[in-house]
Amino acid sequence: MIYYNSKNWHRAIFLVHRSDTFRALVPYLLLMLLYSTGVVYAEKTLLHLPPDSFLRNTPTMHTLLGFAISMLLVFRTNTAYDRWWEGRKLWGSLVNNSRNLALKLAAMLPEADGGARVFFRQAIPLYAQVLQKHLLKDTTRFALDEGAHPELPDLDRAQHGPNKVAESLYAKVYALHREGLLSGEQLILLNGELSAFTDVCGACERIKNTPIPYSYSAFIKKFIFIYVATLPFGFTFTLSYYTVPVTLFIFYVLASLELIAEEIEDPFGHDTNDLPMQKMADNIRGNVEGILR
Amino acid sequence: MIYYNSKNWHRAIFLVHRSDTFRALVPYLLLMLLYSTGVVYAEKTLLHLPPDSFLRNTPTMHTLLGFAISMLLVFRTNTAYDRWWEGRKLWGSLVNNSRNLALKLAAMLPEADGGARVFFRQAIPLYAQVLQKHLLKDTTRFALDEGAHPELPDLDRAQHGPNKVAESLYAKVYALHREGLLSGEQLILLNGELSAFTDVCGACERIKNTPIPYSYSAFIKKFIFIYVATLPFGFTFTLSYYTVPVTLFIFYVLASLELIAEEIEDPFGHDTNDLPMQKMADNIRGNVEGILR
Amino acid sequence: MIYYNSKNWHRAIFLVHRSDTFRALVPYLLLMLLYSTGVVYAEKTLLHLPPDSFLRNTPTMHTLLGFAISMLLVFRTNTAYDRWWEGRKLWGSLVNNSRNLALKLAAMLPEADGGARVFFRQAIPLYAQVLQKHLLKDTTRFALDEGAHPELPDLDRAQHGPNKVAESLYAKVYALHREGLLSGEQLILLNGELSAFTDVCGACERIKNTPIPYSYSAFIKKFIFIYVATLPFGFTFTLSYYTVPVTLFIFYVLASLELIAEEIEDPFGHDTNDLPMQKMADNIRGNVEGILR
Amino acid sequence: MIYYNSKNWHRAIFLVHRSDTFRALVPYLLLMLLYSTGVVYAEKTLLHLPPDSFLRNTPTMHTLLGFAISMLLVFRTNTAYDRWWEGRKLWGSLVNNSRNLALKLAAMLPEADGGARVFFRQAIPLYAQVLQKHLLKDTTRFALDEGAHPELPDLDRAQHGPNKVAESLYAKVYALHREGLLSGEQLILLNGELSAFTDVCGACERIKNTPIPYSYSAFIKKFIFIYVATLPFGFTFTLSYYTVPVTLFIFYVLASLELIAEEIEDPFGHDTNDLPMQKMADNIRGNVEGILR
Amino acid sequence: MIYYNSKNWHRAIFLVHRSDTFRALVPYLLLMLLYSTGVVYAEKTLLHLPPDSFLRNTPTMHTLLGFAISMLLVFRTNTAYDRWWEGRKLWGSLVNNSRNLALKLAAMLPEADGGARVFFRQAIPLYAQVLQKHLLKDTTRFALDEGAHPELPDLDRAQHGPNKVAESLYAKVYALHREGLLSGEQLILLNGELSAFTDVCGACERIKNTPIPYSYSAFIKKFIFIYVATLPFGFTFTLSYYTVPVTLFIFYVLASLELIAEEIEDPFGHDTNDLPMQKMADNIRGNVEGILR
């Protein structure tokens, strides 16, 4: 993830960072350049369409639908942003619960705890570590896919890493209870944090394995494609070769919105804007070790 | 459910998946093709309307309302998406609570548990299994309908499957408490998960048996129909036979938004984009068996 | 409430159900028909306004504000829908809590419970029954109104039905505790459900007795009225008598959005789209009797 | 607060209630009447601007920004409505928690409670009463203001009324615990309601002392002002003296949205649409006295 | 933070407060003034473009995208406002939890508490104080940044101030439990408030160290820049030198929305509209000292 100074307009406008949609769009912008130049050339020079051809009025359609496409894309971006932000909140919750669990155990456990402090100092940060690996796996991504996955032979029988860690945490806590080091009320006090780990894991899996419905996604791409591809037909008459930059800019705007949405709707991956899970897991380790020292 | 690579534009634009709105709309697009061709032919050739007919200006109406219809449909899609996503969250919560319940019981129950582990290994995943069946039943769908349902004679006296499973879970937990295998505090620790099952079930039923108000739904369809049907009247004057593709595309966009909304607003069914409840129930079984082994 | 097949376009478009906004608007559409015909006739035939009258350009205003009015109405409908959906969620929560309370009591109470099962089998469903009656009363609706209500002499001293039922539920639970049939921990286990009843009741009362601010509501109606009433002045010049259907359709769309909002913003009443409280109360009774048998 | 019949269009359109934005805007509408008449007169009669003056095309700007201003104001109104509705929810939560606390104490306290019933019958409703007074005070409103407030010499040292009441409630509950009238588990049962009072108070203070950021608010007003003030310049050419009613109506719509937002964004005051805190506090008293009788 | 009278239009319109976007934009408005004057001069006087140049029609592009840019910016502002308001809610939660913790301890602790009251009177307000310092530190801001920070050599090993305070609070509470001054149930009663501190801290860190994705932010700035920079090309033909004020106003509106968003999206800093953390921390101290006196 990049932390940036949002008030630096110069950098945002004139520099093209590797996560910039502009960079990703360059090849498509070139294609669009060829296509729109071709359309204008064909209509003006090859076909000699008369200036009052009915084709001239097709932009009426683009005006009527311009609203729908903008709105759809802005909503699309915001839905994707909500998923990204929910992912961030979940990992934030993991941080909070790891800290609180460590804080409570540090205060509850007696001096002579038979190695319990050492155990939790390792096991609590392990959850975040294992969850990160789990979310990057293909078996997690395709967990709900209806298609066959011969390349993932163990999709159904996959071991669930985070559950293993949760199991060992629960087991240790209840063992300490049986040994009399933790009272029944203290089990209740630790319950919220222990359950929260599994809740965070399940919610991250949900974001990972459930993209927005395919028919929605496919419709938006089809809509952008037809909308932009038909722009030059009518524009030729009123804009001549200025049609080319105008079409390019409109394409840049609409496609960028879709690209941003694609990049952020799954926040658990290796895209530039994806969440820095490794860094957060490291911070959790640092915090827990600072508390349970 | 289909897991897809949202960055694959080629597939989204040029392939027509069976869940694509385009496929569902083909017959209506053909009807619209005939209708709009007919209108243009009638106005131009049969009626010889003069080019300055007042009919020429009716698209003013479409411009004024173009905004309203786009906005309404985008909101409609987003409301439907919220229902779909809430459904997914509820099943995610079922996953989390099944896992946490299994994790806690695995840690709480003594070695000699008189078969309790075996019981829960079967009963916990059973809830998801039974809930899935319950949500697909007609008696669940029509539970709040005011109409008569002679085809469902047992609508009112229907056995409630998920409640039966919950009953047996509660009964077993309290029996273990009476036998002294679970303490009073441990009942409190299990309370959240046990109640959550019934809460998830009730919330899924709500989404299933309460569609958006009928007057809202009927209004949107009437609006789309009149809006699109009146488009060719004025377009003929400025677009001639180009009216046909323009009308078709506008119809495609507006109807697709409504179709997507219809498909996803009830996520518990057999549509392509509906939630993979069977798969999730299987995953729960796998997880619980992995924990309570 | 009507459960309908949202994929049935034919029925939605061509049939006019009794809850359809079209039916409610018929008299106003007739008035608008007379009015707009009158305006066109006056401008064209009586006043012989010249075709370049400045009045011709007044639709500029409608274009500039067309966006604001559409947006306002779509937001209005969505706010109303949120209230309706919140109402449904609250009753769903009542269902869940009734079921969970029954499930817990069924598991907790010993065989020899001195009639406790029988008591709860009647008292739990009674809450929903009494709440329904309570929400339909005028004393509930006007609970926060600043005006005088001579027709409701007992507005301030009104007995609060749901509180009475809650009182008897709490009293019974604590009596069972005193008799030793329920432990202190079990009181904690029942606490969530018992409090939830009162929370649901208070939230339903909030939706019932607090409509959206009057100045907002009055502004929207004034805005629609002036907007539609001034439409024909300028349209006459470009649409002649086509002004009439165009104005009617625009009026139909804008007024329908407001009508739908009015109908669903108070979900506790006797409108067609209002929540089927009686049916839900019956379902609760059926569920509870099935559990506490 | 006014409870009104939202289906009464006649009253909403033709009557001007004292809370109506129309009434508040009358003086400004008169000013705008003079101003726009002046502009039209100046351009047409004094300056004799030619009909093809470039000024004629300035409404292009209003079209491009018409969307932004409408959207901004609708969002503004909705954000304000969210604050108002949150305020209502908070007081609803106060009602629920007061009732639940009374219900629980009524069931928990033994017959011989040494005056505890009498104490709570007075102290619980007192919280709402004191909170209402607290929210109307200037010291609450300016609690976070960075400016100097010489007129409020005790701003920093102000006694916090609601905290005093909460203190006495807590003290009584724990005293009863020490006397053995309430068990440890019963303290846990009362905890939610007791904490909720302070949470409600803090959230109401937040809404009261934190208006939306000043730069946002100032920008919206500047935007409306410049937008409306420049409208007549170009309209004169196409609308002549019809410019006056058109400008007035546009101003009425935009300013009304801002006025409604201003009125409802702080729901704790003496505006007509503000929440009826006194009435709600009275209802709480009535409810609690009905329960703890 | 500034508390202002939102009903004072005069002040908002005619005064330019230091937090006003207008002030921040003055240099850019001057640049835009030069630029747009230059473009008009070049097109009219230097190049003598014919009045029917195709360049004349480029504003078609601005109309088609005008909707997208307005919508994007309004959504941007609202997303930023949500972050700001969430920040305010978190500090409100800190206030509530500090008060409730103090209220409970005041009621729980016996007269002879061995200095516990004195301890908590200092330690509870300390959390807010330390959290404020923590949020203003660079190590907090860059905690998740992927870049190298040689200027912050201790970024990874940074001591976590709020955790230290939480540790001492937990330690004291459990020490009192071991001394028998607090029972096991009372630990449960204090649990919610103690965990809440860490949850608030983690959520504030999240807002601080996770700005909206860089590609989103960079795209919006690029979009505004190109949109405004291309405005004068076509406007020259219809507006001549009126192009200059029109372009300036459009730039003012679009850039203001982005500026407001930038200022409020990180509410923990030293901007004028940032949250008055110092003041809130002082209020917490005052409240806690008033309760634990």
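Residues numbered from 1 in each chain as written. Chains lettered and ligands numbered in written order. Predicted model: local features only at pLDDT ≥ 70, side-chain atom pairs only at ≥ 80, totals over all residues. Heavy atoms only, no water.

- You'll find chain A entered in an unreviewed UniProt entry as Bestrophin, with Flaviaesturariibacter aridisoli given as the organism.
- A UniProt comment under Sequence similarities (unreviewed entry) is attached to chain A, and it reads "Belongs to the anion channel-forming bestrophin (TC 1.A.46) family." (UniProt positions renumbered as here; feature names shortened; annotations may be inferred.)

### Considering the overall build of chain A
And then number 1: Secondary structure assignment for chain A yields 11 helices and zero strands.
And then number 2: In sequence order, chain A lays out its α and β elements as α-α-α-α-α-α-α-α-α-α-α.
And then number 3: Computed over its C-alpha atoms, the radius of gyration of chain A comes to 27 Å, more than 25% above the 19 Å expected for a compact globule of 293 residues.
And then number 4: Projected onto the principal axes, the alpha-carbon positions of chain A cover approximately 95 × 45 × 30 Å. (Helix = DSSP H or I, 4+ residues; strand = E, 2+ residues; numbered from the N terminus. Rg over C-alpha atoms; globule rule 2.2 N^0.38 Å.)

### Here we look at the interface of chain E and chain D
And then number 1: Taken together, the contact between chain E and chain D spans 76 residues of the former and 73 residues of the latter.
And then number 2: Both faces combined, the contact of chain E with chain D buries some 6,900 Å², and carbon together with sulfur accounts for 66% of it.
And then number 3: When the buried area of chain E at its contact with chain D is split by residue, Y3, Y4 and W9 of chain E rank highest and sum to 12% of it.
And then number 4: On inspection of chain E and its partner chain D, the count reaches two salt bridges.
And then number 5: For E205 of chain D, the salt bridge goes to R99 of chain E, with nearest N and O atoms at 3.0 Å.
And then number 6: If you look at where chain E meets chain D, you find 17 residue pairs in polar contact (both at pLDDT 80 or more).
And then number 7: Of all the secondary-structure elements, those providing two or more residues to the side of chain E that touches chain D are α1 (9-14), α2 (21-46), α3 (59-108), α7 (184-209), α9 (231-239), α10 (243-265) and α11 (277-291) of chain E. (Contact = heavy atoms within 4.5 Å. Buried area = accessible area lost by both parts, 1.4 Å probe. Salt bridge = Lys/Arg side-chain N within 4 Å of Asp/Glu carboxyl O. Polar contact = N/O pair within 3.5 Å; in protein donor to acceptor, adjacent residues only side chain to side chain.)

### Side note on the UniProt feature "transmembrane region" (unreviewed entry) in chain A
All names here are of chain A.
And then number 1: Residues given the UniProt feature "transmembrane region" (unreviewed entry) here are residues 21-41, 61-81 and 224-244.
And then number 2: Between the end C-alpha atoms of residues 61-81 the distance is 30 Å, and the span holds 100% helix and 0% strand.
And then number 3: Helix makes up 81% of residues 224-244 and strand 0%, whereas the separation of the span's terminal C-alpha atoms amounts to 17 Å.

### Description of the packing of aromatic side chains
And then number 1: Throughout the structure, instances matching the rule amount to 71 aromatic pairs over all chains.
And then number 2: A centroid spacing of 5.6 Å and a plane angle of 70 degrees characterise the contact between F75 of chain D and F75 of chain E, whose relative ring orientation is edge-to-face. With F75 of chain D in helix α3 (residues 59-108) and F75 of chain E in helix α3, this pair bridges two chains. As far as burial versus exposure is concerned, F75 of chain D and F75 of chain E are alike and both buried.
And then number 3: Arranged with centres 6.2 Å apart and planes meeting at 10 degrees, the rings of Y81 of chain D and W85 of chain D form a pair that is stacked. On the criterion of helical spacing, the pair formed by Y81 of chain D and W85 of chain D is a turn pair, its members being four residues apart in helix α3. Of the two residues, Y81 of chain D and W85 of chain D, both sit in the buried class.
And then number 4: A network of ring pairs unites the aromatic residues F22, F249 and Y252 of chain A together with F219, F223 and Y227 of chain E as a single cluster. (Phe/Tyr/Trp six-rings, centres within 6.5 Å; stacked < 30°, edge-to-face > 60°. Buried < 20%, exposed > 50% of the residue type's maximum accessible area, 1.4 Å probe, protein only.)

### Describing the environment of E86 of chain D
And then number 1: Take E86 of chain D: it is sitting in helix α3.
And then number 2: For E86 of chain D, a relative accessible area of 17% puts it in the buried group.
And then number 3: With 118 residues separating them along the chain, E86 of chain D and C204 of chain D place their C-alpha atoms 8.8 Å apart.
And then number 4: Apart from residues no more than four positions distant in its own chain, E86 of chain D is found in contact with R206 and I207 of chain D together with W85 and K89 of chain E.

### Observations regarding the pattern of salt bridges
And then number 1: Taken as a whole, this structure holds 65 salt bridges over all chains when the rule is applied.
And then number 2: As a salt-bridge pair, D266 of chain E and K208 of chain E come within 3.0 Å of each other at their nearest N and O atoms. One end of the pair, D266 of chain E, is in the loop between α10 and α11; the other, K208 of chain E, is in helix α7, and 58 residues separate them in sequence.
And then number 3: Through salt bridges with shared partners, a single ionic network connects R76, K221, E258, E262 and E265 of chain A.

### Quick look at the interface of chain B and chain A
And then number 1: Between chain B and chain A, the contact holds 76 residues from the first and 73 residues from the second.
And then number 2: Buried surface at the junction of chain B and chain A, both sides included, amounts to about 6,900 Å², of which 66% is carbon and sulfur.
And then number 3: Interface area lost by chain B to chain A is led by Y3, Y4 and W9 of chain B, which between them contribute 12%.
And then number 4: One can count two salt bridges joining chain B with chain A.
And then number 5: The shortest N-O distance in the salt bridge between E167 of chain A and R293 of chain B comes to 3.2 Å.

### Points about the environment of D282 of chain C
And then number 1: Its place among the elements puts D282 of chain C in helix α11 (residues 277-291).
And then number 2: Remark: the alpha-carbon pair of D282 of chain C and Q129 of chain C, spanning 153 residues in sequence, is separated by 8.1 Å.

### A look at the relation of the copies chain B and chain A
And then number 1: At an RMSD of 0.0 Å, chain B and chain A line up after a rotation of 72 degrees and a shift of 0.0 Å along the axis. Expressed as a symmetry operation, the mapping of one chain copy onto the other fits a five-fold axis. Distance from the rotation axis, computed per C-alpha, reaches its smallest value in chain B at F67 of chain B: 5.5 Å.
And then number 2: Comparing interface residues between copies, only 9% of those in chain B also sit at the interface in chain A, which points to a heterologous contact through distinct surfaces. (Least-squares fit on C-alpha atoms with pLDDT ≥ 70 in both.)

### Some words on the relation of the copies chain E and chain D
Look at the two chain copies: a rotation about an axis and a shift along it is all it takes to match them.
And then number 1: Take chain E, turn it by 72 degrees, move it 0.0 Å along the axis, and it overlays chain D with an RMSD of 0.0 Å.
And then number 2: Taken as a fraction of all interface residues of chain E, those also at the interface in chain D reach only 9%, which identifies the copy contact as different-surface.

### Overview of the side chain of Q132 of chain A
And then number 1: When you line up the elements, Q132 of chain A lands in helix α4 (residues 116-136).
And then number 2: In contact with Q132 of chain A, other than residues within four places in its own chain, are W91, M277 and Q278 of chain A.

### So, helix α6 (residues 161-178) of chain E
Residues and elements named next belong to chain E.
And then number 1: Taking 1.5 Å per residue as the helical rise, α6 with its 18 residues ought to reach 26 Å, and the 26 Å between its terminal C-alpha atoms agrees with that figure.
And then number 2: Among all positions in α6, only P162, N163, V165, A166, E167, L169, Y170, V173, Y174 and L176 are buried.
And then number 3: Remark: G180 follows α6 within two positions and exhibits a positive phi of approximately 85 degrees. (Expected span 1.5 Å × (residues − 1).)

### A closer look at the packing of helix α7 (residues 184-209) of chain B against helix α3 (residues 59-108) of chain C
And then number 1: Look at α7 of chain B against α3 of chain C: their axes get within 9 Å of each other, and the N-to-C directions meet at 140 degrees. Relative to α3 of chain C, the element α7 of chain B lies oblique. Seen from above, α7 of chain B lies across α3 of chain C with right-handed handedness. Residues N191, L194, S195, T198, D199, C201, G202, A203, E205, R206, I207 and N209 of chain B of α7 of chain B touch α3 of chain C, and the partners they reach there are W85, R88, K89, N96, R99, N100, L103 and K104 of chain C. (Axes fitted to C-alpha atoms, helices over the stretch in contact; angles between N-to-C directions. Parallel < 35°, antiparallel > 145°, perpendicular 65-115°, else oblique. Left-handed = near helix turned anticlockwise from the far one by under 90°.)

### Structural notes on the environment of F268 of chain A
And then number 1: With respect to the element layout, F268 of chain A can be found in the loop between α10 (243-265) and α11 (277-291).
And then number 2: Sequence separation of F268 of chain A and F67 of chain A is 201 residues, and the distance between their C-alpha atoms is 32 Å.

### Some details on unusual backbone geometry
Residues and elements named next belong to chain A.
And then number 1: Within the chain, S240 stands out as a residue other than glycine whose phi angle is a positive 50 degrees.
And then number 2: Tracing the backbone shows S240 in the loop between α9 (231-239) and α10.
And then number 3: The exposure class assigned to S240 is buried, which follows from its relative accessible area of 7%.

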